[in-house]
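The chain contents come next:
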Amino acid sequence: MEAQGGCKAKDKLILLVGPSGSGKTTIAKELEQEGYNIIHSYTTRPPREPDEWGHTFVNDVALEELYDKQDTIVAFQMLYGNAYWATKEQYQGKGTSIYVIDPKGAEQVRQSVKDAGVVTIYLQCDTTTLKQRMLRDQSRAGILINDRIRHDKKIFSTCKCDYVIDTNRNIEEVLTDVKSVIEQQFSQSR
């Protein structure tokens, strides 16, 4: 696969998008155990729980320092008064990287990354399964699940993606499909 811009891609970015409860974090954690690089978004938001996975928590000083390094940012968003971002250093020279991100951020990555192959995988799940998973997830105990599902429907109503994977199945089947997409997409650049 060629990187956007026409050159052979050494680094690859797999963007996992989907609503809360669709399995993005679970799949990313499984892939991390298999040696894939995981991009943990920087954020000024305080952790919701001890040892929260998926983010690197920083203070506002780190955000201010970004103004001097804007050319390294591949995605940036302000949500509920907190900044979230990722940089080129988080994937460059690391082979295949996995990034859990929303559709707006995925579009920013696709537009800004020219030195790596980018593939977006949408993890699709029915509402009943989403609710069951969110109820099981103790870190979501404080959120109103129906409100979150309605909110996510708006965010994910339009999402440019390369693949859609049904996550209404067991984790092993979904993981096999995700790894198959990774291998298929990037086998030409090895």
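Everything below is about the structure shown above.
Let us look at the structure shown here. Worth saying up front: this structure is predicted, and the values here are computed from it rather than measured.

Side note on the sheet that holds strand β8 (residues 116-124)
The parallel open sheet is built from five strands, whose spatial order is β2-β7-β1-β8-β9. Each having just a single partner strand, β2 (37-39) and β9 (163-166) make up the two edges of the open sheet. Across this sheet, the average inter-strand angle for adjacent strands is 30°, counted without regard to direction. Here strand β1 (residues 11-17) pairs with β8 via seven bridges, running parallel. Looking at β8, one finds that Lys12 is bridged to Gly117. Each of β1, β7 (96-100), β8 and β9 is contacted by helix α6 (residues 171-186), which is oriented at about 160° to β9, the strand it contacts most.

Remarks on the sheet that holds strand β5 (residues 73-79)
An order of β4-β3-β6-β5 is seen for the four strands of this open sheet, with the pairing classed as mixed. Here the strands that pair on one side only, and so sit at the sheet edges, are β4 (55-57) and β5. Along the sheet, successive strands turn relative to each other by an average axial angle of 25°, direction set aside. Here strand β3 (residues 41-43) runs beside β4; their pairing, made up of three bridges, is parallel. If you follow Tyr42 over to β4, its bridge partner there is Thr56.

So, the packing of aromatic side chains
Per the counting criterion, the structure on display carries two aromatic pairs. Geometrically, the ring pair formed by Tyr42 and Trp85 is stacked, given 5.7 Å between the ring centres and 25° between the ring planes. Here Tyr42, found in strand β3, pairs with Trp85, found in strand β6 (residues 82-87); they are 43 residues apart in sequence, far enough to count as distant. Residue Tyr42 is classed as partly exposed on the basis of its relative accessible area of 25%. Through a chain of ring-to-ring contacts, the aromatic side chains of Tyr42, Phe76 and Trp85 assemble into a single cluster.

Brief notes about the packing of helix α4 (residues 127-136) against helix α5 (residues 145-155)
The geometry of α4 relative to α5 is characterised by a closest axis approach of 10 Å and an angle of 130° between their N-to-C directions. By the angle between their directions, the pair α4 and α5 is classed as oblique. In the packing of α4 onto α5, the handedness of the crossing is right-handed. Within the contact between the two elements, α4 uses Thr127, Leu130, Lys131, Met134 and Leu135 and α5 uses Ile145, Asn146, Arg148, Ile149 and Lys153. Across the contact of α4 with α5, the residue classes break down as five nonpolar, two polar and three charged.

Calculation criteria
- Residues numbered from 1 in each chain as written.
- Predicted model: local features only at pLDDT ≥ 70, side-chain atom pairs only at ≥ 80, totals over all residues.
- Heavy atoms only, no water.
- Pairing = 2+ DSSP bridges.
- Helix = DSSP H or I, 4+ residues; strand = E, 2+ residues; numbered from the N terminus.
- Axes fitted to C-alpha atoms, helices over the stretch in contact; angles between N-to-C directions.
- Contact = heavy atoms within 4.5 Å.
- Phe/Tyr/Trp six-rings, centres within 6.5 Å; stacked < 30°, edge-to-face > 60°.
- Buried < 20%, exposed > 50% of the residue type's maximum accessible area, 1.4 Å probe, protein only.
- Parallel < 35°, antiparallel > 145°, perpendicular 65-115°, else oblique.
- Left-handed = near helix turned anticlockwise from the far one by under 90°.
- Nonpolar A, V, L, I, M, F, W, Y, C, P; charged D, E, K, R; others polar.

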